[in-house]
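Tertiary structure, described
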Amino acid sequence: MAVTVLWPCMQKFVITDSWQDHINRPGYNAAYAGTDLAGAEQPLRGSQYDGRVLQAHWSTSGYGYTTFVEYGGVLRIRNAHQKNLGVKVGDAVNPETYLGTMDSTGNSTGTHAHFEVWIFTGGAWRNVDPLNPANGIVMVSLPEQLQPLGDEIIPPASTLPAFPEPVRVRPTAAVQSWINLRQQPFTTVPIIGKVLPGQVWEAYASKTDHLGNVWFAVRRGDIIGWAAAVYAGQLWLEVVQDA
Ligand SMILES: [Zn+2]
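Residues numbered from 1 in each chain as written. Predicted model: local features only at pLDDT ≥ 70, side-chain atom pairs only at ≥ 80, totals over all residues. Heavy atoms only, no water.

Turning our eyes to something else, we now look at the coordination of the zinc ion. Those protein atoms acting as donors to the zinc ion are His 22 (NE2), Asp 36 (OD) and His 114 (ND1), and they sit at 2.0 to 2.2 Å. Sequence spacing of the donor residues for the zinc ion, all on one chain, is H-x13-D-x77-H. A residue pair is termed long-range when its members are at least 10 positions apart, and His 22 in helix α1 (residues 19-24) and Asp 36 in strand β3 (residues 35-38) qualify at 14 residues. According to the relative accessible area criterion, His 22 is buried, its value standing at 1%. Residue Asp 36 is classed as buried on the basis of its relative accessible area, which comes to 6%. (Donors = N, O, S within 2.8 Å, 3.2 Å for Na, K, Ca; no water. Helix = DSSP H or I, 4+ residues; strand = E, 2+ residues; numbered from the N terminus. Buried < 20%, exposed > 50% of the residue type's maximum accessible area, 1.4 Å probe, protein only.)

The alternating pattern of β3 places Thr 35 and Leu 37 and Asp 36 and Ala 38 on opposite faces, both of which are buried. With three bridges connecting them, strand β2 (residues 14-17) and β3 associate as antiparallel partners. When the sheet's bridge partners are listed, Val 14 is paired in β3 with Ala 38. Note: β3 against strand β10 (residues 112-121), four bridges, orientation antiparallel. Bridged to Asp 36 within β10 is His 114. (Pairing = 2+ DSSP bridges.)

Attention now goes to the layout of surface pockets. By volume, the largest pocket is sized at about 340 Å³. Around the largest pocket sit 17 residues that line it, and Arg 25, Tyr 28, His 81, Asn 107 and His 114 are the ones nearest its centre. A per-class count over the lining of the largest pocket returns three nonpolar, eleven polar and three charged. (1 Å grid on protein atoms, 1.4 Å probe; cavity = no way out; pocket = protein on both sides within 12 Å on 5 of 7 lines; lining within 4 Å. Points joined across faces, edges and corners; volume = space filled by probe spheres on them. Nonpolar A, V, L, I, M, F, W, Y, C, P; charged D, E, K, R; others polar.)

Our next topic: the packing of aromatic side chains. Enumeration according to the criterion identifies five aromatic pairs in this entry. Look at Trp 58 and Tyr 65: their rings are 4.9 Å apart centre to centre, the planes differ by 75 degrees, and that puts the pair in the edge-to-face class. On the basis of an interplanar angle of 75 degrees and a centroid distance of 6.1 Å, the ring pair of Phe 68 and Trp 118 is categorised as edge-to-face. On the criterion of sequence distance, the pair formed by Phe 68 in strand β6 (residues 65-71) and Trp 118 in strand β10 is long-range, its members being 50 residues apart. Of the two residues examined, Phe 68 and Trp 118, each falls in the buried class. Put simply, the rings of Trp 7, Phe 13 and Phe 115 pair up and form one aromatic cluster. The ring of Trp 125 has Arg 76 sitting right over it, with the charged end atom 3.9 Å from the ring centre. The ring of Phe 68 carries the charged tip of Arg 78 above its face, separated from the ring centre by 4.3 Å. (Phe/Tyr/Trp six-rings, centres within 6.5 Å; stacked < 30°, edge-to-face > 60°. Lys NZ or Arg CZ within 6 Å of the ring centre and 35° of its normal.)

Per the stated rule, a full pass over the model turns up seven salt bridges. The closest approach of N and O atoms between Glu 41 and Lys 83, which form a salt bridge, is 3.1 Å. Highlighted residues: Glu 41 in the loop between β3 and β4 (43-45) and Lys 83 in the loop between β7 (75-82) and β8 (92-93), separated in sequence by 42 residues. Residue Arg 76 pairs with Glu 70 through a salt bridge whose shortest N-O separation is 2.7 Å. With respect to burial, Arg 76 and Glu 70 carry one shared label: buried. (Salt bridge = Lys/Arg side-chain N within 4 Å of Asp/Glu carboxyl O.)

Set out below in structure tokens:
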């Protein structure tokens, strides 16, 4: 399972303090732990395809100018010590969005982005170390490396909406690899399942997301979820033609 997250810095940076370094500081509260990214002043951007600004303000607790963005109900990202605010509360955010410029405002001794990753899991938001593999975060450098949270975060109903008749589908020859899938019972951190070549799934319904990707509600054994059928214009699932 994994959630891909785009690094917020658009130019070269180095990690100067890890999440664990923050935790190890005397008196440091885990709720404020982050990863420090240092580099030249540079623009900061959104970390997923589709997000919404929760906070964009001057912090009285040392963050300086800070932004806090929620993505898909499962992921929140904070950037702190910004020079300015490129967004306001309620704004839509994506990897093209300018959040502000990296700087050293607030409780900071040099130009850096204090970067926090929060995941909704176990019924609560938790500040997690994005570089600890146990947390299921994969940091990526390019927007095209993102795997969309997409509609995976909305689980199919326990009774799947129905085609007139369920159809049997399988991965196309063009894909021959995994596709995103949410497993039931619903968990807050997406589970990325694999739909492998040679497997046949039952498909019950389809829907199209805001990016134009088509998802099928599928079942195989006791695994059900939404699987990409047409993704980025490419056919990922094809209907099995019975002989
Ligand atoms: Zn920090």
